[in-house]
Amino acid sequence: ADGMDHYVQAPQIAGGGGPDIAAGDGPTDANEYAKAGRILALDEYAEKYGWADLFFPWAYETCKFDGKLYSLPNSFEGMVIYYNTDVFEANGWSYPTTEAELEEICKKCQEAGIVPMSFGNSNYQGAVDWLYSTFLSCYAGPDTVKAALKGEKKWDDPLIKDAIQMMVDYWQKGYLGDRMSQAISNDDMVAMFADGKAAMMIDGTWATQTLLNTYPECNWDIDLMPELREGVGRVFPLATGGAYMINANTKNPDAVAEVLNYLFTSMDRHIASVEEGNWQPYPVKAFDTTLFTENMNPKMLDMYKTLMDAQGSGDVGYCSWTFFPSDARVYMNEQTDGLFLDLLTIDEYLGEVQKFVDNAIATGNSPFVF
């Protein structure tokens, strides 16, 4: 299910209808449904089917709200950088490993009439959370972001401010979407990259599916972001790719729970879907890259090995749709374009984020942060 289905199904569920299994971008969406009493708590089914032992702990714990389980994580993913290998080879460029090298490549792209990094959010304003999740995790660093989410540091911390400032600077210099992102859709941003009109793209691991299925002629590589601040290292901003919930309007919740359990426990079917359809894997303990057959796309296999290595080493950051309070994320998704267009200051922006985080902590509704 596409996470953006959330915006279609929400009015249906509020009106007493909607699908039995509701889908959301991640736990932050599930929390909003839970607050409104639109989805069912799943603790009874979790005990029946042993779900606590089925999933990676970091992914499972994020699905709890107010002490109860309200959703199940339907994939795990993160933010990476894509390189159009044809563009890099044609210009004799090497992949950047530091922020200085990344900015130098961006300048060379502009001199060559190429958009440095493709980006667009005209059809989905919230795509900006791909950017701020990346810059916060990879510049401010995972420890700083975690401390800010837990209330141990303030959101006006210099490292957080500098991370947001770097993101804004990159957009205003034309490195991100050529200052046209509000007029470019998510689909167009991938097409721009695939056609070689852009050399790079900051996007999620999910974009591999579109590149492989829709643009098979495109030659590309995928990697962790360059080190944006010395000492932080190469970081993989991690997330659950979405959340499945049981609609409170369902007539047969037991059957729905049985279907959910089937989805997450039929690994042969699931591995086949990852290999043949390029779907993202479930965040379940049974997942292992050795389960793939010789039919697995080598690029996808390398990507999931990198993902698993990063998860195992702890070199991971925090994506907003999994680890930020839901109202903080909504605010940031709606207002980040305002930063790009100089409609508000970074101090004003982070000051509002601080209020939302403080409230989530005070009310006990702050998401689990591993």
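Here the structure is shown first, and the text comes after it.
Computed from a prediction, not measured in an experiment: that's the story for all the values here.

Draft legend 1. Structural view of the overall build of the protein chain. Across its full length, the protein chain holds 17 helices and 11 strands. On C-alpha atoms alone, the protein chain measures out to a radius of gyration of 20 Å, which is about the 21 Å that the 2.2 N^0.38 rule sets for 370 residues. Expressed along its principal axes, the backbone C-alpha trace of the protein chain runs to roughly 60 × 50 × 40 Å. For the protein chain, the residues scored as buried account for 56% of the 370 residues in total. Long-range contacts, defined as pairs at least 24 residues apart, comprise 74% of the intrachain contacts of the protein chain with a sequence gap of at least 6. Just so you have it, the protein chain exposes about 14900 Å², and 47% of that area is on carbon and sulfur atoms. Where the 24 positive side-chain charges of the protein chain centre and where its 55 negative ones centre are 5 Å apart.

Draft legend 2. Representation of the environment of M180. Along the polypeptide, M180 turns up in the loop between α9 (158-172) and α10 (186-194). In this structure, the C-alpha to C-alpha distance between M180 and F119, residues 61 residues apart in sequence, is 8.4 Å.

Draft legend 3. View of the nonpolar core. Counting 118 residues, the largest nonpolar core has W51, L136, W155, I164 and M200 as its most contacted members. Y33, I39, Y70 and M245 belong to the second largest nonpolar core, which has 9 residues in total.

Draft legend 4. Structural detail: the pattern of salt bridges. For the structure shown, the criterion picks out 9 salt bridges. Across the pair K64 and E61 runs a salt bridge, and its minimum N-O distance is 3.4 Å. What makes K64 partly exposed here is its relative accessible area of 32%. For E61, a relative accessible area of 27% gives the class partly exposed. Residues D223 and R234 are paired through a salt bridge, measuring 3.2 Å at the closest nitrogen-oxygen approach. Of this pair, D223 sits in strand β8 (residues 220-223) while R234 sits in the loop between β8 and β9 (236-240), and the two are 11 residues apart along the sequence. Beyond isolated ion pairs, a larger network of salt bridges with shared partners links D25, D29, D129 and R329.

Draft legend 5. Region of interest: the pairing of β9. The element β9 is extensively covered by neighbouring structure, given that 5 of its 5 residues are classed as buried. Covered by surrounding structure in β9 are F236, L238 and T240 together with P237 and A239, the residues of both alternating faces. As judged from the 3 bridges shared by strand β5 (residues 76-84) and β9, these two strands associate in the antiparallel manner. Of the residues in β9, the one forming a bridge with G78 is L238.

Draft legend 6. Focus on the packing of helix α16 (residues 326-340) against helix α17 (residues 346-362). The N-to-C vectors of α16 and α17 enclose an angle of 175°; their axes lie 9 Å apart at closest approach. Relative to α17, the element α16 lies roughly antiparallel. On α17, the residues touching D327, A328, Y331, M332, Q335, T336 and L339 of α16 are I346, E348, Y349, E352, V353, F356, V357 and N359. Classifying every residue of the contact of α16 with α17 gives 9 nonpolar, 3 polar and 3 charged.

Draft legend 7. Looking closely at the side chain of S75. Relative to the helices and strands, S75 resides in the loop between β4 (72-73) and β5. For S75, a relative accessible area of 6% translates into the label buried. Setting aside chain neighbours within four positions, we find S75 in contact with A239, T240, G241, G242, Q280, P281, Y282 and P283.

Conventions used here
- Residues numbered from 1 in each chain as written.
- Predicted model: local features only at pLDDT ≥ 70, side-chain atom pairs only at ≥ 80, totals over all residues.
- Heavy atoms only, no water.
- Helix = DSSP H or I, 4+ residues; strand = E, 2+ residues; numbered from the N terminus.
- Rg over C-alpha atoms; globule rule 2.2 N^0.38 Å.
- Buried < 20%, exposed > 50% of the residue type's maximum accessible area, 1.4 Å probe, protein only.
- Contact = heavy atoms within 4.5 Å.
- Areas by Shrake-Rupley, 256 points an atom, 1.4 Å probe, with all protein chains shown as cover.
- Lys, Arg positive; Asp, Glu negative; His and termini not counted.
- Charge placed at Lys NZ, Arg CZ, Asp CG, Glu CD.
- Core = buried A, V, L, I, M, F, W, Y, C linked by side-chain atoms within 4.5 Å.
- Salt bridge = Lys/Arg side-chain N within 4 Å of Asp/Glu carboxyl O.
- Pairing = 2+ DSSP bridges.
- Axes fitted to C-alpha atoms, helices over the stretch in contact; angles between N-to-C directions.
- Parallel < 35°, antiparallel > 145°, perpendicular 65-115°, else oblique.
- Nonpolar A, V, L, I, M, F, W, Y, C, P; charged D, E, K, R; others polar.

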